[in-house]
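Remarks on the overall topology
Here's the letter readout for the chains.
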Amino acid sequence: MEPTGFSAIDTIRQRAHEVIVEAQNPHISPYSEWSSDDLRELLVQYQIPLRDSYNATHETLVRICDQVFGAEVAESEKDCRRQFSIEEITRMGMAARTIQKAFFRRQAWKKAREKFQDYNAVYDYLDDCDYEQGAHGDYDFDGIHGLSRQDSFRRHSMLRRINEQGDDYDEEIEVEWRKPSWNFAKKFEAASRPHRAGKQMAKYNWKKTTLGRHCFAGGCGEQLDLWDEGRTSEFSQFGSGITNYFKFLKWCCWVMFILSLLHAPVLVVNAYGANDLIGSSFNLATTTFGNLGSAEDVASVIIPGCDEMELPLNGCKVKKNDLAILYSFIDTAGTIFFILAWLWLRAFESKESRMLNRSTVTASDYTIRLKSVPADTTEKELAIHFAQVTGEAVAAVHLAFNNSKEIKQYIKRGRIMQQRYNCVQRIRYEKTMRGGQPGQRKRLRSLMRERESLTIAVRQNDERRSKINHERQDAIQAFVTFETETGFIEAMLKYNFNWFQRYCCCYPERLKFKGQRLLVEQAPEPSTIMWENLEYSTSSRYFRKFLTTSVAFLAVLLSIMLTFLARDFKDKVLQYASMPCPDKFFDLDTDYQLELVRSNIDLSHCYCSTLGIMDQWNMNLCHDHLVTWLASTSMSYGAGFVVVFMNFFFTWLLNVAGSFEKHQSLDNMEESNMVRVFLLKFVNSGCLVLLYGQKWLQRLVRIRFDDASDFNVDWYATGGTSVMIIMLLNIIAPHVGSLIAYLRHRAKIRRLERSLTKEKQTKDSHKIWHTQEKMNEFYRGPPFRLNYRYAQVLVTIYICWMYAISMPLMPMIGAFSCYLSYWVDKFLFCNFYRTPPRYSDRMGKKCTKLLGFLIVLHMIMSLWMMGGGQIFQGESLSGQQLGDIAASWRARLLKRHLFTIEATLVLFVSCIILSQFSSAFWSRVCDCLRCLTCRKGNRVKGLRNNMNTLQVDYTSARDREIIRGLSSYNILQNPKYQEAFAITQEFAATHNKVSSIRGYNTKEGDLTLA
């Protein structure tokens, strides 16, 4: 029944009254103070569906909650929605963590007891650790393993946490042990040593492999190619550093051989000299200037092979002043030849590097290096920045952080993980192969304890590393890889500023990254980067280098002391044989000589030196002379062995110093070590004998030599002989260790392969390899250290050429030493050493630069040895005879026979100074002009010339595996760090952060255990 008119009016009035009352007393919803997110969370909590809730207004959500929940739910949720202060939240969090730790500790305690009871048969904890149960049932850890209560509790709490993993932790030892494969080890050997490109990994034939030489490709270069070596090296896949080294050895061998031919007349004349003091029997001193006699005693020398009957009137004698002029011309001819050969080497080394860079695809062809970036840089931001700047796609970006401590902890962790992996494999071997054998339970118990100890060590390392990870890690450098080589060139062009533009003005704002100016350079090869050293500053590295150099300097002083002592002992031994022999003593009859000696026993050395060793031993008269001679000779060779030993010490010292000095790349470390090893060896081997006459040094070591003046006869008999002995020892000494290691390596491999079964399996009776890695390591050779080889060759060339004019046997020693080094290094490179990293040509160019200083040093030494007046008095440029040996330096230099050497020295030094000054001056002028006009530098021109002949995208080259060396700047894909971190290639391919390494089975690819 519908309402009548009056009832309808009443209803309207009633509603109007309610509206007025509601307007006078507005309803405030209890949900109005809630945020929209809290309201949505409340609806979700009670499973109230609401479509498009994120677009609903706050008033709509309040009205819905009012109608659905009312005031009761709002009142019950009031305490949960209370807004707490920071202090209250902090206190509540600390309280919650305290409760949580106590709960976990109690639960872990219960589970650990159960675990220990289950594993008592294997672990035998109660017997080995001598637990004592306290009054409350707790264990007393005070006496366990000699640890404190805190350390013991921490150790066993780690074991409890590990045991909480359950089957994931224990199932690794239940896996069946698999015997390492000999076939796989042989494949690993082929892959790890230098081999030809291709899947067959064919071994190089050390006899037939051609390594090329520095020559022209056609014309005269082909005519002079006597052994058909060609220009291209078959080792080109290993980089220009390796190819240039072997070509450098060939260059040294040829140069020293030609210098030996030029100095052959000097050797012949010296060997037939007129000095009776040195003796008529052959020794090394007879090939030196000392055998010509002193300038005061001998004025002329007989020409070897000359017949006085055919040339009367002293036609077979030549004045020593005239002979000095001949020697000066020979030395000048050799110097000019060496200069031309040096210029040839400089030109062709650059061609070699350019040719290999154009024909070889490497990751550095696409990658730039940013030496400093903002701390909050991300890979995505850098990729976007350089894509916008260059207009080219960026393939990958890898950041370097200030995480050297973390990397070192991971390296330590990797060593422990490798030990743990080996332990697990031995446990598997015991369970699989020796089940039920006598002593198996005892061995297994010992291995299980070792596994637990290593597991705890891993946990401790992870805890220390987690503390390091909590520290802020800032980005310090970046490596940006472009998709094309054009992008790399474009980036280098954009950021090609000189130092004034980079630090003062003309730096475009659009090229800045997050407001910071970028320093861009070509990235080194990824295999040579030392990631753990990138955060060390330049000043820190120089300070460390200063410390190591100071230690090396102290070692040089020690070597000087030992050498002086050896020289002093030898002089005291030879004092009794210092009496000169009578005139024409060696032309007399033997019986008459014997009568003279018997009448004056001090002349015994004159007669005995003409006899053989056995004849001297059988004659009582010569017995003392023989003993003295043997003692003197032994001391000379002993001093040489001391020098050789110190050279090995320098090599070891700088090898250790290389890691201490924190170089950022392997090339930098190898180049730095090469220069300092060379300098130390050069001073120790070739310069110590020059210090005998230095009065200040004699006072320092408190040993005095009265006869140690400027290159006199006695110096050649002592110091000169010592230098030649040292260089003769250095022919063999650098290779003895490597050859012995190779022979031992091949011998143990032959013993293994003779014991193989018909199925090519190893016999346990020969040796047991528990892991494949151990067997692989058995076949792998040592690394090929390029820096020490360069240093040794430089020492040989420096010393042999420095003393060449006065000791003409030295170039022959140098030629043979380089020849032997070439074949020994080539043989061992093909058969023994592992594949080297892709060395750049920096060391080769540094060696070539150092050879320029050798040219100046050689001419200075020639002036010193020929102008001292001890052997050749000489004449002044005006023709006046110079009789005063102690003349001033000016009088010594203004001698006629020194003019050609002095003219060559002045001309060469002037050319070098003018060349360097003109190039530096023109470069500075161009830099100033570019700065004033805000133009770019010209660094990119050389990079354009080195671009690959056939252009290929980075991704395509990586997928087709045509990139030589490593293809990525991901630290985990570097084999050196994979081995150090104990991770697999599969894991490295899917991760790029060091912090992603965790768990226990890293050698088997399982890295998910936390």
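Scoring rules and cut-offs
Residues numbered from 1 in each chain as written. Predicted model: local features only at pLDDT ≥ 70, side-chain atom pairs only at ≥ 80, totals over all residues. Heavy atoms only, no water. Helix = DSSP H or I, 4+ residues; strand = E, 2+ residues; numbered from the N terminus. Buried < 20%, exposed > 50% of the residue type's maximum accessible area, 1.4 Å probe, protein only. Contact = heavy atoms within 4.5 Å. Areas by Shrake-Rupley, 256 points an atom, 1.4 Å probe, with all protein chains shown as cover. Patch = residues over 30% accessible without salt bridge, like charges linked within 9 Å, V, L, I, M, F, W, Y side chains within 5 Å. Salt bridge = Lys/Arg side-chain N within 4 Å of Asp/Glu carboxyl O. Lys, Arg positive; Asp, Glu negative; His and termini not counted. Charge placed at Lys NZ, Arg CZ, Asp CG, Glu CD. Polar contact = N/O pair within 3.5 Å; in protein donor to acceptor, adjacent residues only side chain to side chain. Pairing = 2+ DSSP bridges. Axes fitted to C-alpha atoms, helices over the stretch in contact; angles between N-to-C directions. Core = buried A, V, L, I, M, F, W, Y, C linked by side-chain atoms within 4.5 Å. Expected span 1.5 Å × (residues − 1). Left-handed = near helix turned anticlockwise from the far one by under 90°. Nonpolar A, V, L, I, M, F, W, Y, C, P; charged D, E, K, R; others polar. Parallel < 35°, antiparallel > 145°, perpendicular 65-115°, else oblique. Phe/Tyr/Trp six-rings, centres within 6.5 Å; stacked < 30°, edge-to-face > 60°. Lys NZ or Arg CZ within 6 Å of the ring centre and 35° of its normal. pLDDT = per-residue confidence, 0-100.

1. Things to note about the overall build of the chain
Helix and strand content of the chain: 37 helices and eight strands. For the chain, the proportion of its 1010 residues judged to be buried stands at 47%. In the chain, once contacts between residues fewer than 6 apart in sequence are set aside, the share between residues at least 24 apart is 75%. Total accessible area on the chain is roughly 52800 Å²; 57% of this is exposed by carbon and sulfur atoms.

2. Some thoughts on a positive patch on the surface
A surface patch of positive charge is lined by K412, R415, R464 and K467. Those elements that place two or more of their residues in the positive patch are helix 16 (404-433) and helix 17 (440-470).

3. Some points on the side chain of T362
Within the fold, T362 resides in the loop between helix 14 (320-359) and strand 5 (367-370). Within the structure, the side chain of T362 is placed 3.1 Å from the side chain of S364, a separation counted as a polar contact. Of note is the side chain of T362, whose polar atom sits 3.3 Å from the side chain of E525. Apart from the residues within four sequence positions on either side, T362 is in contact with E525, R838, I963 and R964.

4. Concerning the pattern of salt bridges
For the coordinates displayed, the defined rule picks out 22 salt bridges. A salt bridge links D462 to R413; its shortest N-O distance comes to 2.8 Å. In this pair, D462 is assigned in helix 17 and R413 in helix 16, connecting sequence segments 49 residues apart. R413 carries the same exposure label as D462, and that label is buried.

5. Focus: the sheet that holds strand 6 (residues 394-401)
The four strands lie next to each other as 6-7-5-8, forming an open sheet whose pairing is antiparallel. Looking at strand neighbours, the two that pair on one side only are strand 6 and strand 8 (520-522), the edges of this open sheet. Put simply, the sheet's adjacent strands are angled 25° from each other on average, direction ignored. Relative to strand 7 (residues 475-482), strand 5 is paired through four bridges, and the arrangement is antiparallel. Each bridged residue has a counterpart across the sheet, and for I368 the counterpart in strand 7 is V480. Those strands touched by helix 15 (residues 379-390) are strand 5, strand 6 and strand 7, and its axis lies near 135° from that of strand 6.

6. Side note on the nonpolar core
Core analysis: the biggest nonpolar cluster contains 135 residues, and F289, Y327, Y803, M810 and F981 have the highest contact counts within it. Per-element accounting of this core gives the leading share, 13 residues, to helix 29 (residues 786-802). The contact partners of Y803, leaving out residues within four places of it in the chain, are G686, V689, L690, F711, W715, V723, M810, M861 and M865. Core analysis: the second largest hydrophobic core is formed by 25 residues, V373, V397, A475 and F513 among them.

7. Examining the environment of K512
Inspection of the secondary structure assignment puts K512 in the loop between helix 19 (499-503) and strand 8. With a relative accessible area of 17%, K512 lands in the buried category. A sequence separation of 123 residues divides K512 from V389, and the C-alpha atoms of the two residues are 10.0 Å apart. Setting aside residues no more than four positions away along its own chain, K512 makes contact with H385, Y507 and R517. Polar contacts involving the side chain of K512 include one to the side chain of E509, which spans 3.0 Å.

8. Section: helix 25 (residues 666-687)
Between its first and last C-alpha, helix 25 extends 30 Å over 22 residues, near the 32 Å set by a 1.5 Å rise per residue. Within helix 25, 18 of the 22 residues are buried, which leaves the element mostly enclosed by the surrounding structure.

9. Focus on the packing of helix 25 against helix 29
Two elements in contact, helix 25 and helix 29, have axes separated by 8 Å at closest approach and are oriented at 35°. Between helix 25 and helix 29 the crossing geometry is right-handed. Facing E670, N673, M674, V677, F678, K681, F682, S685 and G686 of helix 25, the residues of helix 29 in contact are L786, N787, Y788, Y790, A791, Q792, L794, V795, Y798, I799 and M802. Considering only residue class, the contact of helix 25 with helix 29 consists of 13 nonpolar, five polar and two charged.

10. Structural notes on the packing of helix 13 (residues 264-271) against helix 14
At a closest axis distance of 10 Å, the pairing of helix 13 and helix 14 adopts a crossing angle of 150°. Here helix 13 lies roughly antiparallel to helix 14, going by the angle between them. Each of P265, V266, V269 and N270 in helix 13 lies in contact with helix 14, whose residues at this interface are L323, Y327 and I330. Of the residues assigned to the contact of helix 13 with helix 14, the class counts are six nonpolar, one polar and no charged.

11. Description of the environment of N970
Note on placement: N970 falls in the loop between helix 35 (954-959) and helix 36 (975-981). When its relative accessible area of 5% is taken as the criterion, N970 is described as buried. Residues N970 and V397, spaced 573 residues apart in sequence, show a C-alpha to C-alpha distance of 9.1 Å. Setting aside residues no more than four positions away along its own chain, N970 makes contact with H398, A988, H991 and N992. Polar contacts involving the side chain of N970 include one to the main-chain amide nitrogen of L972, which spans 3.1 Å. A distance of 2.7 Å separates a polar atom in the side chain of N970 from the backbone oxygen of H991.

12. With respect to the pairing of strand 7
A large share of strand 7 lies buried, amounting to seven of its eight residues. Bridge analysis of strand 6 against strand 7 gives seven bridges, and the strand direction is antiparallel. Following the sheet pairing, F401 is matched in strand 7 by A475.

13. Focus on a nonpolar patch on the surface
Taken together, the side chains of F543, F546, L547 and F660 make up a nonpolar region of the molecular surface, amounting to roughly 400 Å² of accessible area. Ranked by residue count, the leading element in the nonpolar patch is helix 20 (residues 538-573), at three residues. Among the structural elements, F546 can be located in helix 20.

14. Some words on the packing of aromatic side chains
When we look at a pair of aromatic rings, we describe it by the centre distance and by the angle of the planes. Applying the stated criterion across every chain yields a total of 46 aromatic pairs. Summarising the aromatic geometry, the rings of W177 and Y429 are spaced 4.8 Å apart at their centres and angled 80° between planes, so their arrangement reads as edge-to-face. In this pair, W177 sits in the loop between helix 9 (167-170) and helix 10 (182-192) while Y429 sits in helix 16, placing the two residues 252 residues apart along the sequence. You can call W177 buried: its relative accessible area is 6%. Judged by centre distance (5.2 Å) and plane angle (80°), the ring pair of Y245 and Y790 falls under edge-to-face. Taken together, the positions of Y245 in helix 12 (residues 240-262) and Y790 in helix 29 put the pair 545 residues apart, joining distant regions of the chain. Using a relative accessible area of 1% as the deciding quantity, one classes Y245 as buried. Positioned above the aromatic ring of F660, the side-chain terminus of R544 is 4.8 Å from the ring centre. Its end group placed over the ring of F778, K748 keeps NZ or CZ at 4.9 Å from the ring centre.

15. Description of the confidence of the model for the chain
Within the chain, residue pLDDT values average 76, and 74% of them lie at 70 or more. Counting contacts from residues 276-281, a segment whose pLDDT is below 50, to residues more than four positions away or on other chains yields 13 contacts. Below pLDDT 50 for its whole length, residues 1004-1010 participates in 16 contacts with residues either more than four positions away or in separate chains.

16. A look at the side chain of H398
Here H398 shows up in strand 6. Assessed through its relative accessible area of 14%, H398 is described here as buried.

17. Here's the deal with unusual backbone geometry
One non-glycine residue with positive phi stands out, namely K662, at about 60°. By secondary structure assignment, the location of K662 is in the loop between helix 24 (620-660) and helix 25. By relative accessible area, which is 11% here, K662 ends up buried. Unlike most non-glycine residues, E961 shows phi in positive territory, near 60°. Tracing the backbone shows E961 in the loop between helix 35 and helix 36.

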